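# Chain and residue survey
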Amino acid sequence: MHFSGNPDQGGEPMTYQRSAKFDIGQVVVHRLFDFRGVVFDVDPQYLDDEEWWQAIPEAVRPEKNQPFYHLLAENGESCYVAYASEGNLDADDTGEPLRHPQTDLIFDRFENGRYLPKIRLAN
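What counts, and at which threshold
Residues numbered from 1 in each chain as written. Predicted model: local features only at pLDDT ≥ 70, side-chain atom pairs only at ≥ 80, totals over all residues. Heavy atoms only, no water. Patch = residues over 30% accessible without salt bridge, like charges linked within 9 Å, V, L, I, M, F, W, Y side chains within 5 Å. Areas by Shrake-Rupley, 256 points an atom, 1.4 Å probe, with all protein chains shown as cover. Salt bridge = Lys/Arg side-chain N within 4 Å of Asp/Glu carboxyl O. Helix = DSSP H or I, 4+ residues; strand = E, 2+ residues; numbered from the N terminus. Buried < 20%, exposed > 50% of the residue type's maximum accessible area, 1.4 Å probe, protein only. Pairing = 2+ DSSP bridges. Axes fitted to C-alpha atoms, helices over the stretch in contact; angles between N-to-C directions. Phe/Tyr/Trp six-rings, centres within 6.5 Å; stacked < 30°, edge-to-face > 60°.

### What to know about a nonpolar patch on the surface
- On the surface, Leu 32, Phe 33 and Val 60 cluster together to form a nonpolar patch covering roughly 260 Å² of accessible area.
- Mapped onto the elements of the fold, Leu 32 is located in the loop between strand S3 (27–30) and strand S4 (36–43).
- Given a relative accessible area of 46%, Leu 32 falls into the partly exposed group.

Pasting the structure below:
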(Lines give C-alpha, C1' and ligand atoms only; values in the text may rest on other atoms or scores of the structure.)
Protein backbone atom coordinates (compact mmCIF):
# COMPACT_ATOMS: atom_id res chain seq x y z
CA MET A 1 0.00 0.00 0.00
CA HIS A 2 1.19 3.48 -0.70
CA PHE A 3 0.09 7.07 -0.95
CA SER A 4 0.63 9.30 -3.97
CA GLY A 5 0.61 13.04 -4.57
CA ASN A 6 1.67 15.86 -2.29
CA PRO A 7 -0.70 18.86 -2.04
CA ASP A 8 1.91 20.84 -0.08
CA GLN A 9 4.17 20.85 -3.14
CA GLY A 10 1.46 21.79 -5.65
CA GLY A 11 0.61 18.16 -6.45
CA GLU A 12 -2.71 16.42 -6.46
CA PRO A 13 -4.36 15.66 -3.09
CA MET A 14 -3.11 12.50 -1.43
CA THR A 15 -4.92 9.40 -2.60
CA TYR A 16 -4.90 6.00 -0.99
CA GLN A 17 -3.81 3.26 -3.37
CA ARG A 18 -3.52 -0.47 -2.66
CA SER A 19 -1.26 -2.94 -4.35
CA ALA A 20 -2.96 -6.03 -5.72
CA LYS A 21 -2.67 -9.10 -3.50
CA PHE A 22 -2.92 -11.61 -6.38
CA ASP A 23 -0.81 -11.79 -9.54
CA ILE A 24 -1.54 -12.63 -13.16
CA GLY A 25 -1.49 -16.42 -13.41
CA GLN A 26 -2.32 -17.04 -9.77
CA VAL A 27 -5.14 -19.48 -9.03
CA VAL A 28 -7.72 -18.23 -6.54
CA VAL A 29 -10.90 -19.46 -4.90
CA HIS A 30 -14.00 -17.36 -4.15
CA ARG A 31 -14.93 -17.10 -0.46
CA LEU A 32 -18.70 -16.86 -0.95
CA PHE A 33 -19.41 -18.76 -4.16
CA ASP A 34 -18.18 -22.19 -5.12
CA PHE A 35 -15.71 -21.44 -7.89
CA ARG A 36 -12.00 -21.13 -8.54
CA GLY A 37 -10.24 -19.22 -11.26
CA VAL A 38 -6.97 -17.91 -12.63
CA VAL A 39 -6.23 -14.16 -12.66
CA PHE A 40 -5.72 -12.77 -16.18
CA ASP A 41 -6.15 -9.04 -15.48
CA VAL A 42 -6.40 -6.71 -12.47
CA ASP A 43 -8.25 -3.40 -12.04
CA PRO A 44 -7.04 -1.14 -9.20
CA GLN A 45 -10.69 -0.63 -8.19
CA TYR A 46 -14.16 -1.50 -9.48
CA LEU A 47 -14.39 -0.46 -13.14
CA ASP A 48 -17.43 -2.37 -14.43
CA ASP A 49 -20.81 -0.74 -15.06
CA GLU A 50 -23.16 0.52 -12.36
CA GLU A 51 -26.03 -1.74 -13.47
CA TRP A 52 -23.95 -4.85 -12.76
CA TRP A 53 -22.92 -3.37 -9.40
CA GLN A 54 -26.52 -2.71 -8.37
CA ALA A 55 -27.48 -6.28 -9.35
CA ILE A 56 -25.24 -7.67 -6.59
CA PRO A 57 -27.33 -8.26 -3.46
CA GLU A 58 -26.48 -5.52 -0.96
CA ALA A 59 -25.68 -8.05 1.78
CA VAL A 60 -22.76 -9.43 -0.27
CA ARG A 61 -21.87 -6.36 -2.36
CA PRO A 62 -18.15 -5.61 -1.90
CA GLU A 63 -16.59 -2.16 -1.58
CA LYS A 64 -15.56 -0.59 -4.90
CA ASN A 65 -12.26 0.84 -3.63
CA GLN A 66 -10.22 -2.39 -3.74
CA PRO A 67 -8.60 -4.36 -6.54
CA PHE A 68 -10.96 -6.34 -8.78
CA TYR A 69 -9.79 -9.37 -10.72
CA HIS A 70 -10.73 -10.71 -14.14
CA LEU A 71 -10.74 -14.49 -13.86
CA LEU A 72 -11.05 -17.50 -16.10
CA ALA A 73 -13.34 -19.29 -13.68
CA GLU A 74 -14.95 -22.68 -13.23
CA ASN A 75 -17.30 -24.44 -10.89
CA GLY A 76 -18.59 -28.00 -10.94
CA GLU A 77 -20.89 -27.25 -13.88
CA SER A 78 -19.32 -24.71 -16.23
CA CYS A 79 -16.41 -22.52 -17.26
CA TYR A 80 -16.84 -18.76 -17.62
CA VAL A 81 -15.21 -15.36 -17.08
CA ALA A 82 -15.73 -13.77 -13.65
CA TYR A 83 -15.03 -10.34 -12.12
CA ALA A 84 -14.39 -10.54 -8.38
CA SER A 85 -13.20 -8.26 -5.58
CA GLU A 86 -9.98 -8.94 -3.73
CA GLY A 87 -11.85 -9.21 -0.42
CA ASN A 88 -13.85 -12.15 -1.75
CA LEU A 89 -10.85 -14.16 -2.94
CA ASP A 90 -8.28 -16.42 -1.31
CA ALA A 91 -5.26 -18.13 -2.84
CA ASP A 92 -6.10 -21.63 -4.04
CA ASP A 93 -3.89 -24.17 -2.30
CA THR A 94 -4.87 -27.30 -4.24
CA GLY A 95 -1.95 -27.00 -6.69
CA GLU A 96 -4.32 -28.28 -9.39
CA PRO A 97 -4.78 -26.68 -12.83
CA LEU A 98 -8.16 -25.50 -14.09
CA ARG A 99 -10.06 -27.26 -16.85
CA HIS A 100 -11.10 -23.90 -18.41
CA PRO A 101 -10.63 -24.16 -22.20
CA GLN A 102 -9.35 -20.58 -22.57
CA THR A 103 -6.29 -20.94 -20.33
CA ASP A 104 -4.26 -21.99 -23.40
CA LEU A 105 -5.11 -18.69 -25.11
CA ILE A 106 -3.54 -16.56 -22.37
CA PHE A 107 -1.10 -18.81 -20.57
CA ASP A 108 1.85 -20.84 -21.76
CA ARG A 109 1.73 -23.58 -19.13
CA PHE A 110 0.80 -24.53 -15.57
CA GLU A 111 3.84 -24.90 -13.32
CA ASN A 112 4.26 -25.09 -9.54
CA GLY A 113 0.60 -24.28 -8.86
CA ARG A 114 0.33 -21.22 -11.14
CA TYR A 115 -0.06 -20.31 -14.78
CA LEU A 116 2.79 -18.70 -16.69
CA PRO A 117 1.63 -16.03 -19.18
CA LYS A 118 2.53 -16.41 -22.84
CA ILE A 119 5.43 -14.23 -23.89
CA ARG A 120 4.33 -11.72 -26.49
CA LEU A 121 6.90 -10.33 -28.86
CA ALA A 122 6.73 -6.64 -29.75
CA ASN A 123 6.67 -5.72 -33.47
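### Examining the sheet that holds strand S6 (residues 79–85)
- Read from one edge of the open sheet, five strands run S6-S5-S4-S3-S7, paired in antiparallel fashion. Every interior strand has two partners, whereas the edge strands, S6 and strand S7 (89–91), have only one. Sheet twist, expressed as the mean angle between neighbouring strand axes with direction ignored, is 45°.

### What to know about the packing of aromatic side chains
- Under the defined criterion, the tally for this structure stands at 11 aromatic pairs.
- Put simply, the rings of Tyr 46, Trp 52, Trp 53, Phe 68 and Tyr 83 pair up and form one aromatic cluster.

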